[in-house]
Amino acid sequence: NAGVMQNPRHLVRRRGQEARLRCSPMKGHSHVYWYRQLPEEGLKFMVYLQKENIIDESGMPKERFSAEFPKEGPSILRIQQVVRGDSAAYFCASSHSRESEAFFGQGTRLTVV
Amino acid sequence: RKEVEQDPGPFNVPEGATVAFNCTYSNSASQSFFWYRQDCRKEPKLLMSVYSSGNEDGRFTAQLNRASQYISLLIRDSKLSDSATYLCVVTWYNQGGKLIFGQGTELSVKP
């Protein structure tokens, strides 16, 4: 049973480009969480999704950021018109239910140049 | 007040020492509690869930105090490999179930 898979592991984008981060949850998991970790800071909640639904997006910046978790395929975190401040590690986690523990992917390190 | 609060440390302890971390949370409706560890900015890994009755896993003991809204983690007989950042995690069901992380407590175990 493969764990949570994130790709790419490293992503470099120029300012103004789009970044698409993918997360495939563990088999049987229908709950997905995205977190951002800036250098020297803790994990900040961004969005919580279930299949085809956004449950809580209170941590998402109002502009340029969007997330989806379609019926088929991975969850996608999309950042449009990236800026240097978007450079961070983006972690995805999945769980079987909202009560159960979540397991993390290895993260995507986004660098905006 | 932060939603989940931890002392960032660092805690510097010798091998074999016992060390305890506390974590406080602000939402009394919180329902699930966990401790994770994070090494060198890698992905967080689940250390243990925290149950109301308290639970133990080898050298690690977790306690939950709902009245005072804090959870604790006790590590006995510290090993060098225990050096990491320990993250307190709380789930808020009345907000859909999102996991809220504390900023983490850094532990450094020295020979």
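This structure is a prediction, so every number in the text was calculated from the model and none was measured.

### Some words on the interface of chain A and chain B
Interfaces are frequently sized by the accessible area removed from exposure as the parts join.
Right, on to step 1. With 25 residues of chain A at the contact, the number on the chain B side is 20 residues.
Right, on to step 2. Considering only the surface of chain A that becomes buried against chain B, A:L43, A:R98 and A:F104 emerge as the three largest contributors, covering 30% of it.
Right, on to step 3. Linking chain A with chain B are one salt bridge.
Right, on to step 4. In this structure, A:D56 engages B:K98 in a salt bridge whose closest nitrogen and oxygen atoms are separated by 3.5 Å.
Right, on to step 5. Counting across the chain A and chain B interface gives eight residue pairs in polar contact (both at pLDDT 80 or more).

### Examining the packing of aromatic side chains
Right, on to step 1. Throughout the structure, instances matching the rule amount to twelve aromatic pairs over all chains.
Right, on to step 2. Ring centres of A:Y35 and A:F104 lie 5.9 Å apart, and the angle between their planes is 45°; on these two criteria the pair is classed as tilted. Residue A:Y35 is found in strand β4 (residues 31-37), and its partner A:F104 is found in strand β10 (residues 103-104); the two are separated by 69 residues along the sequence.
Right, on to step 3. Note on A:F104: relative accessible area 9%, which makes it buried.
Right, on to step 4. Aromatic side chains B:F21 and B:Y86 sit 5.4 Å apart centroid to centroid with 40° between the ring planes, which places their arrangement in the tilted category. With B:F21 in strand β3 (residues 19-25) and B:Y86 in strand β9 (residues 84-92), this pair connects stretches of sequence that are 65 residues apart.
Right, on to step 5. Classification of B:F21 as buried rests on a relative accessible area of 1%.

About the thresholds
- Residues numbered from 1 in each chain as written.
- Chains lettered and ligands numbered in written order.
- Predicted model: local features only at pLDDT ≥ 70, side-chain atom pairs only at ≥ 80, totals over all residues.
- Heavy atoms only, no water.
- Contact = heavy atoms within 4.5 Å.
- Buried area = accessible area lost by both parts, 1.4 Å probe.
- Salt bridge = Lys/Arg side-chain N within 4 Å of Asp/Glu carboxyl O.
- Polar contact = N/O pair within 3.5 Å; in protein donor to acceptor, adjacent residues only side chain to side chain.
- Phe/Tyr/Trp six-rings, centres within 6.5 Å; stacked < 30°, edge-to-face > 60°.
- Helix = DSSP H or I, 4+ residues; strand = E, 2+ residues; numbered from the N terminus.
- Buried < 20%, exposed > 50% of the residue type's maximum accessible area, 1.4 Å probe, protein only.

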